[in-house]
Amino acid sequence: MHITLNAQPLEIASSCTVTELLQQHQLTGEGLAVAINDAVIVKRCWSAHILQPNDVVQLFQIVTGG
Amino acid sequence: MFQIADRTFSSRLLLGSGKFASPLLMQQAVRASGCQLVTLAIKRLELTKPQDDLVTPLRNMHIQLLPNTSGAKNAKEAIFAAELAREALQTNWLKLEIHPDPRYLMPDPIETLAAAEQLVKLGFVVLPYCSADPVLCKRLEQVGCVAVMPLGAAIGSNQGLQTRSMLQIIIEQAQMPVIIDAGLGAPSHAAAAMELGAAAVLVNTAIASSNDPVAMAGAFANAVNAGRMAYLAGLATPQQQATASSPFTDFLATL
């Protein structure tokens, strides 16, 4: 199944959840945020939210700032 | 002690976490400053080089984390950034900042007010970075912001209280904490802000870009305390003419 992850094309298994996608990239979830098709996915839904073909996934991270 | 929303702070110095040479140095400066609130930013993750976990060490120090919306050019982008930040840090506290102009980073008052109003309705605890405009600050208070963060000078400019007389009006009129943010380049600037009656100051560049950020953090902490004590004690009024502090006597007249 084809998705876009932070502007990069990516093939993933069907029925992959947001949590599984993060695990595949060794991302723990602390300080992370996820938007799919420009809608923010709340953290408590990550494990149940199944990615759909052609989803545009954006991952964000807390960084230093003033 | 002062209060923002439902949280009480004993330190009136707030720190920004940007521009430090390393996350460890930032944490050391935070500890040296005694601050209890630190700002953070959010940006798109670089998959090839995700950054270290900044959050856990600050949480372990019981620091209130305040994510900002830096990078947002309008209210719509700021609200998107706010929703991301809320998930990333699991906090509804937010430093709202919208500054589309990269040269002076001046906050856009119209977009900031519009975003503040919507974010309050969405349940965010909103602290807006804003111009030192007394009317705008009142409007931000009226839409439900828990504090205002007017600028002393342009972000990172180290110019001190260029907006001094406007800040005095803002502080006089405010029914909520006024936190002077941006432009404070020296501990004396922070002390001056506190002498005006500011509830707190937020400092980043002046500490992070110092040769010794840990020592500078301590210097700012002392200055903030000194300024607050002076405000509470009541400053003497400036006068044009001299007034003698010692008694005039004529015991030298016989010489």
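Structure's up top.
All of these numbers come straight from a predicted model, not from anything done at the bench.

### Things to note about the overall build of chain B
Move 1: Helices and strands together make up the secondary structure of chain B, namely nine helices and ten strands.
Move 2: At 20 Å, chain B has a C-alpha radius of gyration in line with the 18 Å of a compact globule built from 255 residues.
Move 3: Judged by the C-alpha coordinates and their principal axes, chain B covers about 85 × 40 × 35 Å.
Move 4: Expressed as a percentage of contacts within chain B between residues at least 6 apart in sequence, the contacts between residues at least 24 apart total 65%.
Move 5: Accessible surface, chain B as shown: approximately 12,100 Å² in total, 52% of it carbon and sulfur.
Move 6: Charge-centre separation for chain B: the mean point of 18 positive side chains lies 4 Å from the mean point of 19 negative side chains.

### Describing the interface of chain A and chain B
Move 1: Listed per partner, the contact involves 25 residues of chain A and 31 residues of chain B.
Move 2: In total, about 2,400 Å² of surface goes out of reach between chain A and chain B, with carbon and sulfur atoms giving 65% of it.
Move 3: Contact with chain B buries surface across chain A, with Gln61, Ile62 and Gly66 of chain A losing the most and accounting together for 27% of the total.
Move 4: Taken together, the links from chain A to chain B amount to one salt bridge.
Move 5: The residue arginine 59 of chain B makes a salt bridge to glutamate 30 of chain A at a minimum N-O spacing of 3.6 Å.
Move 6: Across the side of chain A that touches chain B, the residue classes tally to 14 nonpolar, eight polar and three charged.
Move 7: Bridge analysis of strand E5 (residues 56-64) of chain A against strand E4 (residues 37-44) of chain B gives five bridges, and the strand direction is antiparallel. Note on E4 of chain B: the bridge partner recorded for valine 63 of chain A is alanine 41 of chain B.

### Considerations on the nonpolar core
Grouped burial of nonpolar side chains is what soluble globular proteins tend to show.
Move 1: Leu96, Leu119, Ile180 and Val201 of chain B are the most contacted members of the largest nonpolar core, which has 68 residues in total.
Move 2: Among the elements that line this core, the one with the most residues is helix H3 (residues 75-89) of chain B, at seven residues.
Move 3: Apart from the residues lying within four places of it in its own chain, the contact partners of leucine 119 of chain B are Ile79, Ala82, Leu94, Leu96, Phe124 and Val126 of chain B.
Move 4: Within the second largest apolar cluster, 17 residues are counted, among which are Ile12, Val18, Leu21 and Val34 of chain A.

### Examining empty space enclosed by the protein
All names here are of chain B.
Move 1: Following the criterion strictly, the structure yields one cavity of 30 Å³ or more and no others.
Move 2: Its boundaries defined by the atoms lining it, the largest cavity holds a volume of some 40 Å³.
Move 3: In this structure, the largest cavity is lined by Pro134, Cys137, Lys138, Glu141, Val148, Ile169, Ile170, Gln173, Ala174 and Met176.
Move 4: Of all the secondary-structure elements, those providing two or more residues to the lining of the largest cavity are helix H5 (134-142) and helix H6 (164-173).
Move 5: For the lining of the largest cavity, the element with the highest residue contribution is H5, accounting for four residues.
Move 6: Considering only residue class, the lining of the largest cavity consists of seven nonpolar, one polar and two charged.

Conventions used here
Residues numbered from 1 in each chain as written. Chains lettered and ligands numbered in written order. Predicted model: local features only at pLDDT ≥ 70, side-chain atom pairs only at ≥ 80, totals over all residues. Heavy atoms only, no water. Helix = DSSP H or I, 4+ residues; strand = E, 2+ residues; numbered from the N terminus. Rg over C-alpha atoms; globule rule 2.2 N^0.38 Å. Contact = heavy atoms within 4.5 Å. Areas by Shrake-Rupley, 256 points an atom, 1.4 Å probe, with all protein chains shown as cover. Lys, Arg positive; Asp, Glu negative; His and termini not counted. Charge placed at Lys NZ, Arg CZ, Asp CG, Glu CD. Buried area = accessible area lost by both parts, 1.4 Å probe. Salt bridge = Lys/Arg side-chain N within 4 Å of Asp/Glu carboxyl O. Nonpolar A, V, L, I, M, F, W, Y, C, P; charged D, E, K, R; others polar. Pairing = 2+ DSSP bridges. Core = buried A, V, L, I, M, F, W, Y, C linked by side-chain atoms within 4.5 Å. Buried < 20%, exposed > 50% of the residue type's maximum accessible area, 1.4 Å probe, protein only. 1 Å grid on protein atoms, 1.4 Å probe; cavity = no way out; pocket = protein on both sides within 12 Å on 5 of 7 lines; lining within 4 Å. Points joined across faces, edges and corners; volume = space filled by probe spheres on them.

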